[in-house]
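Each chain is listed here by its residues.
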Amino acid sequence: MEADQRPLRGRVVLADDDVLLREGLASLCERVGYEVVGQAGDAGGLMELVETQLPDIAIVDIRMPPTQSTEGLKAAGVIRERYPSVGILVLSAFVEVEDALELLAGGRAIGYLLKSRITVVDEFLETLDRIRRGGSVVDPSLVQELVAAQRRDDPLSMLSNREREVLGLMAEGRSNSGIGRRLWVTEGTVEKHVRSILGKLRLPEEPDDHRRVLAVLTFLETR
């Protein structure tokens, strides 16, 4: 079936101050069956288009004039508030975790995609279709960043598997001898693990009994 005979998938408006990129994006949208009903180079123009055209999806660059900061993101927030039926796809040249999380907190029919990803036609079409149906799309690179950030923030990330096991048994209230019996190791070995755990968690200089309690609290807070 020729491109101009495709059934219409939905109506789209585009906002990006890079004219070549915007025209290329418009061509790609029409190629996969979406009708581009308007283009804008800044957030003000985007808002006018959404108000007059009420599209199915607004595709927005996260950074636009005049400051090239988060004008697109702010416009997306206004669109979501005023026109909740309009799906939103925000494009970014880089992974910007905080901005993406603020956007994705909006819930349904929302997406965040790196510009480099739109060159894969099938993936881009799937993204638009999912947003049009009310779904959310998160760029895989963002997922990787979020996982890495979570690991960096995990206070237990420095512990070995055995140390985590020992700390878990400490949280159950077991003594060093009880942990040793459970793990089939000597009490001296458990004591070495405990000292290593307390050191890696960088707990304040306190009596060892109190530091054990602080270690257990740290463990429980990560569950």
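Rules of the game
Residues numbered from 1 in each chain as written. Predicted model: local features only at pLDDT ≥ 70, side-chain atom pairs only at ≥ 80, totals over all residues. Heavy atoms only, no water. Helix = DSSP H or I, 4+ residues; strand = E, 2+ residues; numbered from the N terminus. Buried < 20%, exposed > 50% of the residue type's maximum accessible area, 1.4 Å probe, protein only. Contact = heavy atoms within 4.5 Å. Areas by Shrake-Rupley, 256 points an atom, 1.4 Å probe, with all protein chains shown as cover. Pairing = 2+ DSSP bridges. Right-handed = clockwise from strand over helix to strand, strands pointing away. Axes fitted to C-alpha atoms, helices over the stretch in contact; angles between N-to-C directions. Parallel < 35°, antiparallel > 145°, perpendicular 65-115°, else oblique. Nonpolar A, V, L, I, M, F, W, Y, C, P; charged D, E, K, R; others polar. Salt bridge = Lys/Arg side-chain N within 4 Å of Asp/Glu carboxyl O. Expected span 1.5 Å × (residues − 1). Core = buried A, V, L, I, M, F, W, Y, C linked by side-chain atoms within 4.5 Å.

A. Structural detail: the overall build of the chain. The helix and strand tally for the chain stands at 10 helices and six strands. With 223 residues in all, the chain has 43% of them scored as buried. Pairs at least 24 residues apart make up 62% of the contacts formed inside the chain by residues separated by at least 6 positions. Accessible surface computed for the chain: about 12400 Å², of which carbon and sulfur atoms make up 50%.

B. View of unusual backbone geometry. Cis rather than trans, the peptide bond between proline 65 and proline 66 has omega equal to 5°. Among the structural elements, proline 66 can be located in the loop between strand S3 (57–61) and helix H3 (71–82). In this model, leucine 54 sits at a positive phi of 40°, which is unusual for a non-glycine residue. Among the secondary structure elements, leucine 54 is positioned in the loop between helix H2 (43–53) and S3. In this model, tryptophan 184 sits at a positive phi of 60°, which is unusual for a non-glycine residue.

C. A look at the pairing of S3. For S3, a buried count of five out of five residues is recorded, marking the element as mostly surrounded by other parts of the structure. Relative to S3, strand S1 (residues 10–15) is paired through four bridges, and the arrangement is parallel. Of the residues in S3, the one forming a bridge with leucine 14 is isoleucine 59. Of the strand pairs in this sheet, S3 and strand S4 (residues 87–92) are connected by five bridges, and their pairing is parallel. Its bridge partner lying in S4, isoleucine 59 is registered against leucine 89. In this fold, the crossover linking S3 to S4 by way of H3 has right-handed handedness.

D. Expanded view of the packing of helix H7 (residues 161–171) against helix H9 (residues 187–200). Here H7 crosses H9 at 95°, and the two axes come no closer than 10 Å. On the basis of their axis angle, the class for H7 and H9 is roughly perpendicular. Across the interface between the two elements, Arg162, Glu163, Val166, Leu167 and Met170 from H7 touch His193, Val194, Ser196, Ile197 and Lys200 from H9. A breakdown of the residues in the contact of H7 with H9 according to their chemical character gives five nonpolar, two polar and three charged.

E. Region of interest: the pattern of salt bridges. Here the structure, examined in full by the defined rule, presents six salt bridges. Among the salt bridges present, the one from aspartate 129 reaches arginine 9, with a minimum N-O distance of 2.8 Å. A residue pair is termed long-range when its members are at least 10 positions apart, and aspartate 129 in helix H5 (residues 121–132) and arginine 9 in the segment before S1 qualify at 120 residues. A residue is classified by how much of its surface remains accessible, and arginine 9, at 29% relative accessible area, is partly exposed.

F. Up close: H3. Taking 1.5 Å per residue, 12 residues should reach 16 Å; H3 reaches 16 Å between its end C-alpha atoms and fits that length. All buried positions along H3 are accounted for by Glu71, Gly72, Leu73, Ala75, Ala76, Ile79 and Arg80.

G. Region of the structure containing the environment of proline 66. Among the residues examined, proline 66 registers a relative accessible area of 75% and is labelled exposed. Sequence separation between proline 66 and aspartate 42 is 24 residues; the distance between their C-alpha atoms is 7.9 Å.

H. View of the nonpolar core. Ranked by size, the top nonpolar core spans 25 residues in total, and within it Val13, Leu46, Val50, Ala58, Ile79, Val90 and Leu103 carry the most contacts. For this core, the secondary-structure elements that each account for two or more residues are S1, strand S2 (34–40), H2, S3, H3, S4, helix H4 (97–104) and strand S5 (110–114). The leading source of residues in this core is H2, at five residues. The contacts of valine 13, once residues within four sequence positions are left out, are Val37, Gly38, Leu46, Leu49, Val50, Gln53, Pro55, Ile57, Ala58 and Ile59. Counting residues in each nonpolar core, the second largest holds 21 residues, with Cys29, Ile57, Ile59 and Val137 among its members.

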